[in-house]
Amino acid sequence: MIPSSPSGPRLLGPLLAELRSARGWSQQRVAAELCAASGVPTLTRHEVSRWERQVRLPGDFWSAWLATVLGVPGELIAGAAARSRRLGVAPAAVDRAGSRARFALLTLAHRWAADPTGGTSAGPLGDALLRDDPVAGVSPTAPEGPDALPGGARPRAAPDGVGLAALRRWDDLLGGGDLAVLGARRLRRAARGYRLAGPAGRRRLLPVLAESAQLAGWLAADAGDPAAGLVAYRLALRAALAAGDRPLAAYVLGSASHLLADAGDPAGALTLARIGYAAGRATASAGLRALLLHRVALAAALAGRHRAADRALAGATAAGAPEPGREPAWLYWLDDAELAAMTGRTLVASGRPARAVALLARAATVPGRPRRAAVYGSWLAQAHLRLGEVPEACEVASAALLDAVRSGSHRAVGQLTEFRRALAAHPSEPAARRYAGLTASARPYLPGPAPGWSGEARARRAHPARRAARRGGGAPRPVGSD
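Residues numbered from 1 in each chain as written. Predicted model: local features only at pLDDT ≥ 70, side-chain atom pairs only at ≥ 80, totals over all residues. Heavy atoms only, no water.

Q: So, helix H3 (residues 45-53): which residues are in play, and what are the values?
A: In an α-helix, one turn spans 3.6 residues, which is why side chains three or four residues apart end up on the same side. Listing the buried residues of H3 in full gives Glu47, Val48, Ser49, Trp51, Glu52 and Arg53. Directly after H3, the chain includes Gln54, whose backbone phi takes a positive value near 60°. (Buried < 20%, exposed > 50% of the residue type's maximum accessible area, 1.4 Å probe, protein only. Helix = DSSP H or I, 4+ residues; strand = E, 2+ residues; numbered from the N terminus.)

Q: Can you explain empty space enclosed by the protein? Please cite residues and give values.
A: Tallied over the entire structure, the rule returns 4 cavities of 30 Å³ or more. Roughly 380 Å³ of internal volume is contained in the largest cavity. Breaking the lining of the largest cavity down by element, the ones donating at least two residues are helix H8 (164-173), helix H10 (199-222), helix H12 (246-262), helix H16 (336-349) and helix H18 (370-386). Top contributing element to the lining of the largest cavity by residue count: H18, with 5 residues. Grouping the constituent residues of the lining of the largest cavity by class yields 10 nonpolar, 2 polar and 10 charged. (1 Å grid on protein atoms, 1.4 Å probe; cavity = no way out; pocket = protein on both sides within 12 Å on 5 of 7 lines; lining within 4 Å. Points joined across faces, edges and corners; volume = space filled by probe spheres on them. Nonpolar A, V, L, I, M, F, W, Y, C, P; charged D, E, K, R; others polar.)

Q: Kindly report on the pattern of salt bridges, identifying the contributing residues and their values.
A: Throughout the structure, instances matching the rule amount to 17 salt bridges. Here Arg168 and Glu211 are joined by a salt bridge, their closest N and O atoms 2.5 Å apart. With Arg168 in helix H8 and Glu211 in helix H10, the pair connects residues that are 43 residues apart, well separated along the chain. Per residue, the accessibility class of Arg168 equals that of Glu211, and both read buried. Where salt bridges share partners, they join Asp171, Asp222, Asp262, Arg371 and Arg411 into one cluster. (Salt bridge = Lys/Arg side-chain N within 4 Å of Asp/Glu carboxyl O.)

Q: Residue-level account of the packing of aromatic side chains, with values.
A: Summed over the entire model, instances satisfying the criterion amount to 4 aromatic pairs. On the numbers, 5.4 Å between centres and 85° between planes, the contact of Phe419 with Tyr435 is edge-to-face. In this pair, Phe419 sits in helix H20 (residues 410-423) while Tyr435 sits in helix H21 (residues 430-442), placing the two residues 16 residues apart along the sequence. Using a relative accessible area of 4% as the deciding quantity, one classes Tyr435 as buried. Members of the aromatic cluster, joined through ring pairs, are Trp51, Phe61 and Trp62. Geometry around Trp25 places Arg23 over its ring, the cationic atom sitting 5.0 Å from the centre. In this arrangement the basic side chain of Arg202 is found over the ring face of Tyr194, its NZ or CZ atom lying 5.1 Å from the centre. (Phe/Tyr/Trp six-rings, centres within 6.5 Å; stacked < 30°, edge-to-face > 60°. Lys NZ or Arg CZ within 6 Å of the ring centre and 35° of its normal.)

Below you can see the structure in the form of structure tokens.
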């Protein structure tokens, strides 16, 4: 039976895939039916695939014929197409797998927005909770060994039984290039424990599964693997909703918003951030409300919606500072310096660099937190550059570059890449030439994007001198666990 009006707000890509699957048709069959009905013989299954992945969106002509061929009201297809068009297509930084994961996450977020109590958003519990999330390592074809990773890879040697608290603390010192494998491994253990537990045990383990997936998604994104990060965030959101933990679900969407903002998708980032804040604010702590509003502010600024960014910044200020002893354990990292730097970053994105310099300077020089220093240092360098202060910008960027080497964070490298592109407008400046030379010298030591959670592949690419430099650069090798 073909559903004529699926419940909840829909995006076009997931809707088309669902309607096609309900008929038992392939993408080739849909293309053939469209050609026969419309009299246009040139449409191929590749175009149908692009629509379902929302790499492209059909115009009014094909939207009308899609409704006819799939036997649904034209308003359903037109509404989903309009909603998807407002979100934009998948960014270039997200590959085919990431495009599917992006819109699956957006669809689930919209369902939560339609039902903020979360009662129907997570779907059925049990193995179905994990079946569509191969990152959890419980799909029927996934390897079952204790060290198994996606693609059958084996991680580098690491302490068994590493816990969430230890991984979070290591994340202060090391980047996703080193820790993503451990995050995936921790998630596999949590997923396997959930799958093997009885009904009561599963309910108890849902928060652990949600937190493990959130952290795995964060580490994958920091390693330059946005597709894996989005898949993990979707699992984290489903588990948090099933557990009834609305603050954690909101935090997951805030993390996913940050990923999309870094990937050049401010529209998707703004959608996730707004849903996370709207659905989670009633039960969120002061620090979490401030963080969620900062996610909204940055995405709005990157999307050119400066008034919306200002409103979100004002709301974040009104939310207050994190309250010691009243914040969730996973928000331990949020402090006044971080909130100030987030404000500065949004001001730079909004084109107001003068106000941002003092706010970013504190976070860019914090000792023992190389990734924080690298990320906010790159924003501080951009602020100086926009003010025409090229020598100051290059000095700050040089320090951030060294911190990027120490941290091994692909996200930090991405921010510095944006600075380098802007600096190209000043080729005659001596400071710019010196920075270009430093960048060329540092390139072999910088982390590259991860092709997936394959520790062996990443280890083969890593330059041995970079690992030695980072060990000597203030980032101690992690020992112990929680």
